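# Notes for the structure review
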Amino acid sequence: MPPADTTADDDTTPHGPTADGSAAPGAPALPEALDAAAARTARDGRSVLHRLEALLPRVSKPVQYVGGELNATTKEWDCAGPATVRWALMYPDAYEVGVPNQGVMILYEVLNERVDALAERTYAVWPDLEALMREHGVPQFTVDGHRPVGDFDLLGVSFATELGYTNLLTALDLAGVPLRSAERTEEHPLVVAGGHAAFNPEPVADFLDAVVLGDGEQAVLAVTDLVRAFKEEGSPGGREELLLRLARSGVVYVPRFYDVAYGDDGALASVAPNRDGVPWRVVKHTVMDLDAWPYPKQPLVPLAESVHERMSVEIFRGCTRGCRFCQAGMITRPVRERSAEGIGAMVQKGLEATGFEEVGLLSLSSADHSEIAEVTKGLADRYEGTETGLSLPSTRVDAFNIELANELSRNGRRSGLTFAPEGGSERLRRVINKMVSEEDLIATVATAFANGWRQVKLYFMCGLPTETDEDVLQIAEMAKRVIATGRQVSGRSDIRCTVSIGGFVPKPHTPFQWAPQLSHEETDARLAKLRDAIRSDRRYGRAIGFRYHDGKPGVVEGLLSRGDRRLADVVEAVWRDGGRFDGWSEHFSYERWERVAQRVLAAHGLDVDWYTTRERDLDEVLPWDHLDSGLDKDWLWEDWQEALSGVEVDDCRWTPCFDCGVCPTTDTSIQVGPSGRPMLPLSVVRASGVLEGAGTSAGGTP
Amino acid sequence: MASRTPEGPPPPPAVQRLRLRYARRERLRFSSHRDFQRALERALRRAEVPMAYSAGFSPHPKVSYAGAAPTGSASEAEYVEIAVTARCDPERLRAALDAALPPGLDVLEVVEVPLHGATPLADLLEAGVWEVALLGVGEAEARRAVDALLAAGSAEVERVTTKGRRVLDVRPAVLRLDVVDPAAARSTTGRALAASSAASGEPCAILHLVVRHAAPAVRPDDVLTALRGVSDLAPPEAPRATRLAQGPLLEGAAAVADPLAAERGAVGV
């Protein structure tokens, strides 16, 4: 639904509490303009639930809007008096995607643990509810207290991907908050972004008041301290002063305090602070002792179905494998492990608090934890016979991981294993620094098939730097060898291999940040050749599944991931044209992005290709150069050059430092075990309190 | 290599069956039956109920569900049956499970039934009693619509299902339909709406409805559609329906009996 009837200064924008909190549902509402005006001054966080409830019978999956999750927290609006610091936390995607997000869950909990703060959650509403909210003047609300988002002091938004940008604009507009930071007043929340995509927030910088780089749990507490002190002083100097204090503290990046200039060639000429005391570069946050931050302690358990129906425990943060395409690995360095003891305690408490039947051990490369064998065996022993499943996502290709997988599926079904060679040919894997040989892969899958596994999923990327058709066609050969090996080792014919391919998008703060992105036409043509190569072989074709997406969404992701401030006009124009939920194929429109972007960018003499398929050189000022992930730009460039000549670099956890720059810049160091703190035994299992005679003698009669 | 089969002995057998009545209230009326299933299975784990499981690589806890109220309507009378591997105290189980479920999914009663030979729940739940509150509708207007529907020999309504549009006759399933005095409202929602209507002067009609369970089930929504079809009834607000009871039909009375009555106090002691 295009929001054509809504402008930034539209006073009828839905907002505000009801006329009377005790009024019956359906009592005649005040005229909308009055209602909104009252809300502007009140900002008292009054629930809009009963107005929302009247709309819910008319939308799909209404349960996603009512909250009431197990372990959710709703605090009093004035729990610490008028200086209470109130955060609305948004994951800018559908509830089912947002609710299991670990980052939001952690921030929600650490903020609510403070006596002087409260945090509630809000998610993107689907277009059916958005239309009804506009029609009936219901503002963007939190699912906890159903309070208007515009009433909070801060709106924290976690951007895992660039494809959530348009959803932020919907939420701001429904909340009655002007889209542009420059147009907001004392009456509006500070809009603070974080998450991986926020490492280049420039395309949405005009919509943001502040940006947190890196780990958020300590940073939000520091921001809360500054906001509380400011409120206690009576908010001297208003919004501008608060933002200045935040910027000068170095805790956040405040885009408005940096002037951006462009050269005749269209590229950036400079980015410079325009206020005294505002740092030239803003450095990311790094939490050093994960055992001191055992969050989430009380994971949220939604009633609605979500994309991850399990409890997750982050076993380490950061990765130094050095895959050159991987932004997550680059921006989260150094590696910091949670101890086996800490993991065991989080699993135990989390299961007790949630009743989930599956535990995921999360990290960027879970089998790399120095105590992973003890952890998996310890957990498998501990939960044997309790119908509790364990999963280990993100594992590398080696035989050791099959042993782990066997341990995790001791008495369960062995259906499929997933590996990510990423590149089809040996040469390409050297370019991307994914050090796995085809012989390793075949040996690994042979072990898997011999242990009763029946299906292997292989994940690859298409469009990697220096890639040719030949590199991609190697994927077909690899898949065929996997099937042949599986049939031979297992003696069965029901072996399957699924090849899953994603388009490569160059990302900021990686060695590939200078690389040209492959056009969607070339990506699609290359994938068509691969599909034909797989299908044409009658011996294997039917045993190989082929899953891929067309190259178009990757172009928009690429445009936004390496974009600059000139893209704010594109994002807003796309949103005004009806752009919503760009991460969902049924909502995403490439045609819309292409049409709008070309029109808007033409005014600057630029086009989409300039941002995507153009190779950058060392001298170019990149839009994120003033945002410090700790990585030394010269080191990134060297690594890019080594990629082009196919030279690999090892992992600094077990070889000497190669000076990527992170540890000295962020004053951190690698933290890996073994910790010497093994998992503690569970306390003696007590008889369940529901049994007959419980509490007096031994439990029931078996 | 031969197929793997689960190692070890088969799962322990069920030693006790229990039937639960629970309510779905307030905002959790928007949860679906599938949402409740997930919530219940997690609550059973949190409450450490010694559930009996099916055999195989993907064991499932033994829970039987019966006739869930449609998403969006509240209920004071939903039923499930569970099987356990160690004898449980029904009241302890009720309290523990109620504590493990979110507020709004409330376990009201737990009764033991014979391990074998009990009449299946689905057979006991022959009919349901509903209360429907129509805010903004006057008593006289509601009565005209109800009289017209009761006088009709049939009342076909169209419902959009996942399989497309289907037409069903609502009339045979409607065993009783009354407009009651708002002061006689029995559900929390009905009472709250009746009270605020009395305070504000805005009309609010309360309907009591008894429907026979059949396939496809006739829902309160269908009955309201039928009422609109036979009269000019047009509630300005979304009607609020609450299921008050389910159970065996009482002969000739167009009312239902307590489906747990036969077992209550009859087993286990």
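Residues numbered from 1 in each chain as written. Chains lettered and ligands numbered in written order. Predicted model: local features only at pLDDT ≥ 70, side-chain atom pairs only at ≥ 80, totals over all residues. Heavy atoms only, no water.

Take unusual backbone geometry next. Residues and elements named next belong to chain A. Residues R333 and P334 are joined by a peptide bond in cis, for which omega reads -5°. Positionally, P334 belongs in the loop between helix 9 (327-331) and strand 12 (336-337). Residue P674 is reached from G673 by a cis peptide bond, and omega for that bond is 5°. In this structure, P674 sits in the segment after helix 22 (662-666). The backbone of K61 shows a phi angle near 45°, a positive value even though the residue is not glycine. (Helix = DSSP H or I, 4+ residues; strand = E, 2+ residues; numbered from the N terminus.)

Taken together, the side chains of D632, D634, E638, E642 and D659 of chain A define an acidic patch exposed on the protein surface. Along the polypeptide, E642 of chain A turns up in helix 21 (residues 633-644). (Patch = residues over 30% accessible without salt bridge, like charges linked within 9 Å, V, L, I, M, F, W, Y side chains within 5 Å. Areas by Shrake-Rupley, 256 points an atom, 1.4 Å probe, with all protein chains shown as cover. Salt bridge = Lys/Arg side-chain N within 4 Å of Asp/Glu carboxyl O. Lys, Arg positive; Asp, Glu negative; His and termini not counted. Charge placed at Lys NZ, Arg CZ, Asp CG, Glu CD.)

This paragraph deals with the interface of chain B and chain A. At the interface, 45 residues of chain B touch 54 residues of chain A. Summing the contributions of chain B and of chain A, the shared interface buries around 4000 Å²; its carbon and sulfur component is 50%. Among the residues of chain B in contact with chain A, R27, F30 and R42 of chain B are the three that bury the most area, contributing 19% of the side total. At the junction of chain B and chain A, the tally comes to 6 salt bridges. (Contact = heavy atoms within 4.5 Å. Buried area = accessible area lost by both parts, 1.4 Å probe.)

Before going further, it helps to examine helix 6 (residues 220-230) of chain B. Among all positions in helix 6 of chain B, only P220, D222, V223, L224, A226 and L227 of chain B are buried. The secondary structure elements touched by the buried residues of helix 6 of chain B are strand 5 (127-135), helix 4 (139-151), strand 6 (156-161), strand 8 (174-180), strand 9 (204-212) and strand 10 (240-247) of chain B. (Buried < 20%, exposed > 50% of the residue type's maximum accessible area, 1.4 Å probe, protein only.)

On to the sheet that holds strand 16 (residues 455-462) of chain A, then. Residues and elements named next belong to chain A. In space, the 4 strands of this open sheet follow the order 15-16-17-18, with parallel pairing throughout. A strand with exactly one partner marks an edge of an open sheet, and here the two such strands are strand 15 (416-422) and strand 18 (544-548). Direction aside, neighbouring strands of the sheet carry axes that sit 20° apart on average. Here helix 15 (residues 469-490) sits on the sheet in contact with strand 15, strand 16, strand 17 (496-503) and strand 18, set at roughly 160° to strand 17. (Pairing = 2+ DSSP bridges. Axes fitted to C-alpha atoms, helices over the stretch in contact; angles between N-to-C directions.)

With that out of the way, let us pick up the environment of G318 of chain A. Its place among the elements puts G318 of chain A in the loop between strand 11 (316-317) and helix 9. Each C-alpha atom, one on G318 of chain A and one on A328 of chain A, is 7.7 Å from the other, the two residues being 10 residues apart in sequence.

The next subject is the pairing of strand 3 (residues 74-84) of chain B. Two faces belong to every sheet, and in a regular strand the side chains alternate between them. Residue and element names in this part refer to chain B. Counted residue by residue, strand 3 has 11 buried out of 11 residues, so it is predominantly covered. Here strand 1 (residues 16-24) runs beside strand 3; their pairing, made up of 8 bridges, is antiparallel. Opposite R17, over in strand 3, you have A83 as the bridge partner. One ladder, built from 4 bridges, connects strand 2 (residues 63-66) with strand 3; its direction is antiparallel.

Glancing now at the pairing of strand 1 of chain B. Residues and elements named next belong to chain B. Counted residue by residue, strand 1 has 7 buried out of 9 residues, so it is predominantly covered. Summarising the sheet, strand 1 and strand 4 (residues 105-113) pair through 8 bridges and their orientation is antiparallel. The residue bridging R21 from the neighbouring strand is E109, located in strand 4.

As a further point, take the confidence of the model for chain A. Residues and elements named next belong to chain A. Here chain A shows a mean pLDDT of 89. Residues at 70 or above account for 91%. Long-range and interchain partners of residues 1-40, a stretch whose pLDDT sits below 50, account for 76 contacts in this model, where long-range means more than four residues apart. Contacts from residues 696-702, a stretch scored under 50 in pLDDT, to residues over four places away or in other chains number 11 contacts. (pLDDT = per-residue confidence, 0-100.)

Here the focus is empty space enclosed by the protein. This structure, assessed with the given rule, holds 9 cavities of 30 Å³ or more. By volume, the second largest cavity amounts to about 90 Å³. Taken together, L70, V301, P302, L303 and T354 of chain A together with A39, R42, A43, R46, A100, L101 and P102 of chain B make up the lining of the second largest cavity. If you tally residues by element for the lining of the second largest cavity, the top one is helix 1 (residues 33-46) of chain B, at 4 residues. Classifying every residue of the lining of the second largest cavity by side-chain character gives 9 nonpolar, 1 polar and 2 charged. (1 Å grid on protein atoms, 1.4 Å probe; cavity = no way out; pocket = protein on both sides within 12 Å on 5 of 7 lines; lining within 4 Å. Points joined across faces, edges and corners; volume = space filled by probe spheres on them. Nonpolar A, V, L, I, M, F, W, Y, C, P; charged D, E, K, R; others polar.)

Let's shift gears to the pattern of salt bridges. Between side chains of opposite charge, a pair can form when the charged atoms approach closely. Residue and element names in this part refer to chain A. If you walk through the whole model with that rule in mind, you get 80 salt bridges over all chains. Taking the shortest distance from any N to any O, the salt bridge between D625 and K633 comes out at 2.7 Å. Note on K633: relative accessible area 24%, which makes it partly exposed. One continuous salt-bridge network, built from bridges that share partners, spans R184, D209, R239, E240, R256 and R275.

All right, on to the nonpolar core then. Counting residues in hydrophobic clusters, the biggest one holds 152 residues, and the most contacted among them are Y65, W87, L129, F141 and L601 of chain A together with V49 and I82 of chain B. When residues no more than four places from it in sequence are discounted, the contact partners of V49 of chain B are S688 and V690 of chain A together with L44, I82, V84 and L93 of chain B. Of all hydrophobic cores here, the second largest spans 35 residues; its members include L441, W453, A479 and Y540 of chain A. (Core = buried A, V, L, I, M, F, W, Y, C linked by side-chain atoms within 4.5 Å.)

It is worth spelling out the domain arrangement of chain A at this point. It is common to give the size of an interface as the accessible area that goes away when the parts come together. Residues and elements named next belong to chain A. Domain boundaries in chain A define domain 1 (46-283) and domain 2 (310-412 + 650-680). When each unit is reduced to the centre of its C-alpha atoms, the spacing between domain 1 and domain 2 is 30 Å. Contacts between the two partners involve 9 residues from domain 1, matched on the other side by 12 residues from domain 2. Of the roughly 820 Å² buried between domain 1 and domain 2, counting both surfaces, carbon and sulfur atoms make up 50%. A per-residue breakdown of the area domain 1 buries against domain 2 is headed by Q102, H196 and D215, which together make up 49% of the total. Across the pair E217 and R317 runs a salt bridge, and its minimum N-O distance is 2.9 Å. Joining domain 1 to domain 2, the criterion identifies 4 residue pairs in polar contact (both at pLDDT 80 or more). In terms of residue class, the side of domain 1 that touches domain 2 is made up of 4 nonpolar, 3 polar and 2 charged. (Domains from an automatic or database assignment. Polar contact = N/O pair within 3.5 Å; in protein donor to acceptor, adjacent residues only side chain to side chain.)

Take the environment of A47 of chain B next. Note that A47 of chain B resides in the loop between helix 1 and strand 2. Sequence separation between A47 of chain B and D106 of chain B is 59 residues, and the spatial gap between their C-alpha atoms is 14 Å. The residues contacting A47 of chain B, other than those within four sequence positions of it, are S688 and V690 of chain A together with A96, L97 and A100 of chain B.

Residue and element names in this part refer to chain A. This structure, assessed with the given rule, holds 16 aromatic pairs over all chains. Here the aromatic rings of W126 and F581 are separated by 4.1 Å at their centres, their planes lie at 15°, and the arrangement is stacked. With W126 in the loop between strand 3 (117-123) and helix 5 (127-136) and F581 in the loop between helix 18 (568-576) and helix 19 (590-602), the pair connects residues that are 455 residues apart, well separated along the chain. Judged by relative accessible area, W126 falls into the buried class, the value being 12%. Relative to Y548, the ring of F546 has its centre 4.9 Å away and its plane inclined at 35°; by these criteria the two rings are tilted. Residue class for Y548 comes out partly exposed when judged on its relative accessible area of 31%. A network of ring pairs unites the aromatic residues W126, F581 and W584 as a single cluster. Of note, R121 hangs over the ring of Y108, and the distance from its end group to the ring centre comes to 4.9 Å. Above the plane of the ring of W610 lies R614, whose end atom (NZ or CZ) is 4.0 Å from the centre. (Phe/Tyr/Trp six-rings, centres within 6.5 Å; stacked < 30°, edge-to-face > 60°. Lys NZ or Arg CZ within 6 Å of the ring centre and 35° of its normal.)

Residue and element names in this part refer to chain A. Inspection of every chain in the model, using the stated rule, returns 0 disulfides over all chains. Considering cysteine sulfurs only, C652 is the nearest to C660, which forms no disulfide, with 6.3 Å between them. Under the relative-accessibility criterion, C660 is labelled buried at 12%. (Disulfide = S-S within 2.5 Å.)

All names here are of chain A. Within the element layout of this structure, Q517 appears in the loop between strand 17 and helix 16 (520-535). The class for Q517 is buried, based on a relative accessible area of 5%. At 2.9 Å, the side chain of Q517 forms a polar contact with the backbone oxygen of G554.

All right, on to the sheet that holds strand 14 (residues 389-391) of chain A then. Two modes of strand pairing occur in sheets, parallel and antiparallel, and in both the strands are linked by backbone hydrogen bonds. All names here are of chain A. The sheet built from 3 strands is open, its strands ordered 10-13-14 with parallel pairing. Edge positions in the sheet fall to strand 10 (311-314) and strand 14, since each has one partner strand and no second. The average angle at which neighbouring strand axes cross in this sheet is 20°, direction not considered. Judged from the 3 bridges that link them, strand 13 (residues 358-362) and strand 14 form a sheet pairing that is parallel.

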